[in-house]
Amino acid sequence: MNIEKIMKILPHRYPFLLVDGVLELNEEKIKAFKNVSVNEPFFQGHFPNYPIMPGVLIVEGMAQTAGLLLLKDTNENVIPLFTGIDKARFKKEVRPGDKLIYDLEILQRKANMFKLKGIATVEGQVCAQAEIMVGIKKN
């Protein structure tokens, strides 16, 4: 899935669209990526002399990736809403030049609410992991 398809599914736009492409996709799992550039606006303040991608944005990237998984087959006017986070852990810094990989898997579904396990890696090393909840709202 390329950026054009991603932008048809997700409502997010620059500078808050945190998924650049999808590598794998099936009914229960997705693998997507973000190419982290030194030009990201958050690096101006986090931190100017030692740029690190904020952990909350890594988790937001996971939530956006979850939205792609959950909305990939819909033609309805819906929006994914990030509704919760559990068990978040940050293990390795994400720096400019990194290719951040998001792996998400559906753990549970109930009506229009979903719980997913997310793992973010760079070069095979875990940077962050969390369980996230996403709701699907008709717009």
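Note that the structure is predicted; figures quoted are calculated from it, not measured.

**Quick look at the UniProt feature "active site" (unreviewed entry) in the chain**
Now for step 1: The UniProt feature table records "active site" (unreviewed entry) at His-46.
Now for step 2: Residue position: His-46 is located in the loop between β2 (29–35) and α2 (55–71).
Now for step 3: Exposure remark for His-46: the relative accessible area of 24% places this residue in the partly exposed category.
Now for step 4: With near-sequence residues (within four places) excluded, His-46 lies in contact with Pro-51, Ile-52, Met-53 and Pro-54.

**Things to note about the nonpolar core**
Within soluble globular proteins, side chains that are nonpolar generally end up buried alongside one another.
Now for step 1: Residues Met-53, Met-62, Leu-100, Tyr-102, Leu-116 and Ile-132 are the most contacted members of the largest nonpolar core, which totals 39 residues.
Now for step 2: Looking at which element gives the most residues to this core, the answer is α2, with 10 residues.

**Describing the pattern of salt bridges**
Now for step 1: On inspection of all chains with the given rule, the structure shows eight salt bridges.
Now for step 2: The salt bridge partner of Asp-103 is Lys-31, with a shortest N-O separation of 4.0 Å. Of this pair, Asp-103 sits in strand β4 (residues 99–110) while Lys-31 sits in strand β2; the two residues are 72 residues apart in sequence, bridging distant segments of the chain.
Now for step 3: In the salt-bridge network here, residues are joined through shared partners; they are Glu-27, Lys-72 and Asp-73.

**A look at the side chain of Lys-72**
Now for step 1: Mapped onto the elements, Lys-72 comes out in the loop between α2 and β3 (78–90).
Now for step 2: Exposure remark for Lys-72: the relative accessible area of 15% places this residue in the buried category.
Now for step 3: A distance of 3.2 Å separates a polar atom in the side chain of Lys-72 from the backbone oxygen of Leu-69.
Now for step 4: Leaving out residues up to four positions away in the same chain, Lys-72 has contacts with Lys-5, Ile-9, Leu-25, Asn-26 and Glu-27.

**Notes on the sheet that holds β3**
Now for step 1: Read from one edge to the other, the open sheet built from six strands follows the order β1-β2-β4-β5-β6-β3, with strand pairing classed as antiparallel. Single-partner strands in this sheet number two, and they are β1 (21–25) and β3. With strand direction ignored, the average angle separating the axes of adjacent strands in the sheet is 25 degrees.
Now for step 2: Of the strand pairs in this sheet, strand β5 (residues 113–122) and strand β6 (residues 125–138) are connected by 10 bridges, and their pairing is antiparallel. Along β6, the bridge assignment pairs Leu-116 with Ile-132.
Now for step 3: Each of β1, β2, β3, β4, β5 and β6 touches α2; the most contacted strand, β6, lies at about 50 degrees to it.

About the criteria used
- Residues numbered from 1 in each chain as written.
- Predicted model: local features only at pLDDT ≥ 70, side-chain atom pairs only at ≥ 80, totals over all residues.
- Heavy atoms only, no water.
- UniProt positions renumbered as here; feature names shortened; annotations may be inferred.
- Helix = DSSP H or I, 4+ residues; strand = E, 2+ residues; numbered from the N terminus.
- Buried < 20%, exposed > 50% of the residue type's maximum accessible area, 1.4 Å probe, protein only.
- Contact = heavy atoms within 4.5 Å.
- Core = buried A, V, L, I, M, F, W, Y, C linked by side-chain atoms within 4.5 Å.
- Salt bridge = Lys/Arg side-chain N within 4 Å of Asp/Glu carboxyl O.
- Polar contact = N/O pair within 3.5 Å; in protein donor to acceptor, adjacent residues only side chain to side chain.
- Pairing = 2+ DSSP bridges.
- Axes fitted to C-alpha atoms, helices over the stretch in contact; angles between N-to-C directions.

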